[in-house]
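If you want the building blocks of each chain, they are given just below.
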Amino acid sequence: MCYCMQIVVEFHLTVEAYAAGYAALTYPRPERCPNCGTAGQIEGHGFYWRYPLDVFSRFEIGIKRWYCRACGKTTSLLPSFLLRFRWYLLAVIQSMVVARFETRQSWRQIETTCTAAGAPSNRTLKRWCRSFARQAPAWLAAVQQTLAEFEPAAPGLDPLGAAAGPVAPAPALLDAALQLLAWGKTRWAELADFGRAERLRFLWHWGYGRGLARLI
Ligand SMILES: [Zn+2]
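The sections below set out a description of the structure shown in this document.

The rules behind the values
- Residues numbered from 1 in each chain as written.
- Predicted model: local features only at pLDDT ≥ 70, side-chain atom pairs only at ≥ 80, totals over all residues.
- Heavy atoms only, no water.
- Helix = DSSP H or I, 4+ residues; strand = E, 2+ residues; numbered from the N terminus.
- Rg over C-alpha atoms; globule rule 2.2 N^0.38 Å.
- Buried < 20%, exposed > 50% of the residue type's maximum accessible area, 1.4 Å probe, protein only.
- Areas by Shrake-Rupley, 256 points an atom, 1.4 Å probe, with all protein chains shown as cover.
- Lys, Arg positive; Asp, Glu negative; His and termini not counted.
- Charge placed at Lys NZ, Arg CZ, Asp CG, Glu CD.
- Axes fitted to C-alpha atoms, helices over the stretch in contact; angles between N-to-C directions.
- Left-handed = near helix turned anticlockwise from the far one by under 90°.
- Contact = heavy atoms within 4.5 Å.
- Donors = N, O, S within 2.8 Å, 3.2 Å for Na, K, Ca; no water.
- Tetrahedral: all angles 85-135°; square planar, octahedral: opposite > 155°, others 65-115°.
- Phe/Tyr/Trp six-rings, centres within 6.5 Å; stacked < 30°, edge-to-face > 60°.
- Core = buried A, V, L, I, M, F, W, Y, C linked by side-chain atoms within 4.5 Å.

## Some thoughts on the overall build of the protein
So, step 1. Along the backbone of the protein there are 6 helices and 4 strands.
So, step 2. Starting at the N terminus, the α and β elements of the protein follow one another as β-α-β-β-β-α-α-α-α-α.
So, step 3. Computed over the C-alpha atoms, the radius of gyration of the protein is 18 Å, within 12% of the 17 Å expected from 2.2 N^0.38 for a compact globule of 216 residues.
So, step 4. The principal-axis extent of the C-alpha atoms belonging to the protein is close to 55 × 45 × 30 Å.
So, step 5. For the protein, the residues scored as buried account for 44% of the 216 residues in total.
So, step 6. As displayed, the protein offers around 10800 Å² of accessible surface, 53% of which is attributable to carbon and sulfur atoms.
So, step 7. Across the protein, the 25 positively charged side chains and the 15 negatively charged ones have centroids separated by 10 Å.

## Quick notes on the packing of helix α4 (residues 122-150) against helix α5 (residues 169-187)
So, step 1. Two elements in contact, α4 and α5, have axes whose closest approach is 9 Å; the angle formed by their N-to-C orientations is 35°. Judged by the twist between their axes, the crossing of α4 over α5 is left-handed. Here Phe132, Ala133, Ala136, Pro137, Trp139, Leu140, Val143, Thr146, Leu147 and Phe150 of α4 come into contact with α5, specifically with Pro169, Ala170, Ala172, Leu173, Leu174, Ala176, Gln179, Leu180, Trp183 and Arg187.

## Notes on the environment of arginine 58
So, step 1. Secondary-structure assignment places arginine 58 in the loop between β2 (42-50) and β3 (61-68).
So, step 2. Sequence-wise, arginine 58 and leucine 89 are 31 residues apart; in three dimensions their C-alpha atoms are separated by 9.8 Å.
So, step 3. In this structure arginine 58 touches Tyr51, Pro52 and Leu53, once residues within four positions along its chain are discounted.

## Digging into the coordination of the zinc ion
So, step 1. Taken together, Cys33 (SG), Cys36 (SG), Cys68 (SG) and Cys71 (SG) make up the full set of protein donors to the zinc ion, lying 2.3 Å away.
So, step 2. Geometry at the zinc ion is tetrahedral, judged from the 4 donor atoms that bind it and their angles of 105 to 114° at the metal.
So, step 3. On the accessibility criterion, cysteine 71 (30% relative accessible area) is partly exposed.

## A short note on the packing of aromatic side chains
Each pair of aromatic rings is reported with the distance of its centres and the angle of its planes.
So, step 1. Scanning all chains against the criterion turns up 15 aromatic pairs.
So, step 2. On the numbers, 5.3 Å between centres and 70° between planes, the contact of tyrosine 88 with tryptophan 128 is edge-to-face. Taken together, the residues span a long stretch of sequence, with tyrosine 88 in the loop between β4 (74-79) and α2 (90-101) and tryptophan 128 in helix α4 at a distance of 40 residues.
So, step 3. A relative accessible area of 2% means that tryptophan 128 is categorised as buried.

## Section: the nonpolar core
So, step 1. If you look at the biggest cluster of nonpolar residues, it comprises 64 residues, and the most contacted ones within it are Phe132, Leu173, Leu203, Trp204, Leu215 and Ile216.
So, step 2. By residue number, the principal contributor to this core is α4, which donates 10 residues.

## Here we look at unusual backbone geometry
A negative phi angle is the norm for most residues apart from glycine, just as the trans form is the norm for most peptide bonds.
So, step 1. Omega for the bond connecting alanine 119 with proline 120 falls within 30 degrees of zero, at -10°, which places this linkage in the cis form.
So, step 2. Mapping proline 120 onto the fold places it in the loop between α3 (107-114) and α4.
So, step 3. In this structure, histidine 12 is a non-glycine residue whose phi angle is positive, near 55°.
So, step 4. With relative accessibility at 35%, the residue histidine 12 sits in the partly exposed group.

This is the structure:
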């Protein structure tokens, strides 16, 4: 794990394509250091290694690092298919969170349909769901603010009507992420391939860039 400064980057690659091609990618060089703000002092600093997991396999990928000559801090470029501090691919974690909060499956059902040979463990998937539920209110507020600003007619702004009372943030965020993606598609042509399965990938990239540090 890397505890240096991180920027979440959308490379529009699957983890397989990234693993095969990361050494040859052109990486965006930050103009200013995210730590100290100094411009023009960022130089290449190789890669660090991560070994992301899906249910059946383990990948080996290089994460690009930049070094700031002014403050000596390292900044790395985290592909948006990964979260900070989680070993599993975001797509795997999303499938569990959706199973729990959207399709309302029991822990046992999730274990049966989404895990293999005990991986990820029951404890891990419960931890993901708890973490998602804890972070959801802040993310939901940010998404709703953006949708209200740009898409005042978006249905998710008041999904059940004011009379229905408070909505559970985790399922509401999963729904709002779909609306955010629909909005994003009207602005960024490169999102054309993104569907339901990429909604948290888009949300993560979008929100991290706005200062929301942790999604799950
Ligand atoms: Zn710096």
